[in-house]
Amino acid sequence: MASTNLPAAVEPSRPRHRADHADQHPHPLDDIEHGIPAPVLDAGAPLRKAITVPVITALLVGAAFIAVFLAAFHAPTSHRLPLGIAASDAAAARVELAVNDLDGQAMSFHRYPDAAAARSAIRRDDVPAALVTDTHRRLTLMVAGAQGPSATGSLQATLTAALGHPVPVTDVVPLDSRDSRGLSIFYSSFGVVLAGYLFAVSSYQIAPRMALAARVASMAAFSVASGLVVASLACLALGAIPASFATTAVISALLAFALAASASLIMRACGPAGIPLASIALLILGNASSGGILPPQYLPAWLAPLAHAMPPGIAVRALRDAAYFHSAHLSAGLTLLAGWTVASLTVHYALDRVSARRTRPAASTAWAT
């Protein structure tokens, strides 16, 4: 009868080199994760660091998210929100004085010669609303409902408080019936931002020193796929964004590329610390300032400038213009998104070149010795 005692060299449950390693260097993972190669265990962080670093990192990112979003949206008020006025000089002056008495920083005023000019300005996304006189010389508020019910409702409430009576409202750029709250563009952009960040994190963790050409090819494939997925869901499947399939796909793809390139650059420059830094910069600050929830004029002064500079805000405005405002400022948005990508990749390339120059002399010295 064959012996059931197998030699240690062929013990199936644990290879000899793994057993020797475990005996010489005990590791917390040994008892619960069988089959982990010795080099992986050697590279693992000490137990104290493995416990504390994830806790601190998660708390830091979570606290930043809560602080930024609560500071921005717990009690939003407008700051120089553009309001068109097409009325007599006397009526316009009364409106401006009443609003400024209520809050001198709430609105900025833009005069138009007549209601038709004011309506055109709203449809070009120059102003979100305009006060005009109707045929009976009464003031009527024309609004772009596509700016979202929060913005138009706040505008109406401010004017009602300033003038002392409600003002009739006419929606000249209404939201699509399949997007009654005006949040589809924000959520679509948020999804692309989140996907771009996760793509950059996984790419960095799998291959932190991947050649830039290969990384760019990977980003390009991800971006094209992202654009097609967003356009298919938002335009074809749900009809939530009333823009063309091609335009939605291009904007979403450029946003994905800009986010992936930006996050990759932060991680390339900062190493592992770049993962939480990228989440704070791109996911939290980028989405909070995007204008998808409220227009930039409702953001705090320290956050509002990012609305016109960060990729999420640029993409939200581009999608909104394409969907509701006849692509009034679309070309500027596409240019800025492309610029973000090119700038990020250029800096990434420069860092790789500097690193290569530093490594080459060290390798030459080691070879000579």
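See above for the structure.
Keep in mind that this is a model prediction, so the values were computed, not measured. (Residues numbered from 1 in each chain as written. Predicted model: local features only at pLDDT ≥ 70, side-chain atom pairs only at ≥ 80, totals over all residues. Heavy atoms only, no water.)

Asker: Give me the nonpolar core: which residues, what numbers.
Answerer: Among the nonpolar cores identified, the biggest contains 54 residues, and Ile122, Val173, Ile251, Met267 and Tyr324 are the most heavily contacted of them. Among the elements of the structure, helix H5 (115-123), strand E3 (129-133), helix H7 (184-206), helix H8 (212-237), helix H9 (245-270), helix H10 (274-288), helix H11 (311-324) and helix H12 (330-368) are those that each provide at least two residues to this core. At nine residues, the largest contribution of residues to this core is made by H9. The contacts of Ile122, once residues within four sequence positions are left out, are Val127, Pro128, Ala129, Ala130, Met142, Val143, Ala144, Val172, Val173 and Phe325. (Core = buried A, V, L, I, M, F, W, Y, C linked by side-chain atoms within 4.5 Å. Buried < 20%, exposed > 50% of the residue type's maximum accessible area, 1.4 Å probe, protein only. Helix = DSSP H or I, 4+ residues; strand = E, 2+ residues; numbered from the N terminus. Contact = heavy atoms within 4.5 Å.)

Asker: I'd love a proper account of the layout of surface pockets, names of residues and values included.
Answerer: Empty pockets left among the atoms are what a rolling probe the size of a water molecule brings to light. By volume, the largest pocket is sized at about 440 Å³. Forming the boundary of the largest pocket are 23 residues, of which Asp125, Pro296, Gln297, His308 and Arg317 lie nearest the centre. When residues in the lining of the largest pocket are grouped by element, the largest group, six residues, is from H11. Across the lining of the largest pocket, the residue classes break down as eleven nonpolar, seven polar and five charged. (1 Å grid on protein atoms, 1.4 Å probe; cavity = no way out; pocket = protein on both sides within 12 Å on 5 of 7 lines; lining within 4 Å. Points joined across faces, edges and corners; volume = space filled by probe spheres on them. Nonpolar A, V, L, I, M, F, W, Y, C, P; charged D, E, K, R; others polar.)

Asker: For the packing of H9 against H10, give the residues involved together with the corresponding values.
Answerer: Viewed as axis vectors pointing N to C, H9 and H10 meet at an angle of 140°, and their least axial separation amounts to 8 Å. Of the two possible hands of crossing, H9 and H10 adopt the one that is right-handed. Contact with H9, carried on its side by Leu259, Ser262, Ala263, Ile266, Met267 and Cys270, involves Gly274, Ile275, Leu277, Ala278 and Leu282 of H10 and no other residues of that element. A breakdown of the residues in the contact of H9 with H10 according to their chemical character gives nine nonpolar, two polar and no charged. (Axes fitted to C-alpha atoms, helices over the stretch in contact; angles between N-to-C directions. Left-handed = near helix turned anticlockwise from the far one by under 90°.)

Asker: Run through the sheet that holds strand E1 (residues 81-86), naming residues and quoting values.
Answerer: Think of a sheet as strands paired side by side through backbone hydrogen bonds, with each pair either parallel or antiparallel. Read from one edge of the open sheet, five strands run E2-E1-E3-E4-E5, paired in mixed fashion. Unpaired on one side and paired on the other, strand E2 (107-111) and strand E5 (169-171) mark the two borders of the sheet. Put simply, the sheet's adjacent strands are angled 25° from each other on average, direction ignored. The strands that helix H4 (residues 89-102) touches are E1, E2, E3 and strand E4 (139-143); relative to E2, the one it contacts most, it runs at about 170°. Relative to the sheet, helix H6 (residues 149-163) contacts E1, E2, E3, E4 and E5, its axis offset from that of E4 by approximately 160°. (Pairing = 2+ DSSP bridges.)

Everything listed is a geometric property; what it means functionally is a separate question.
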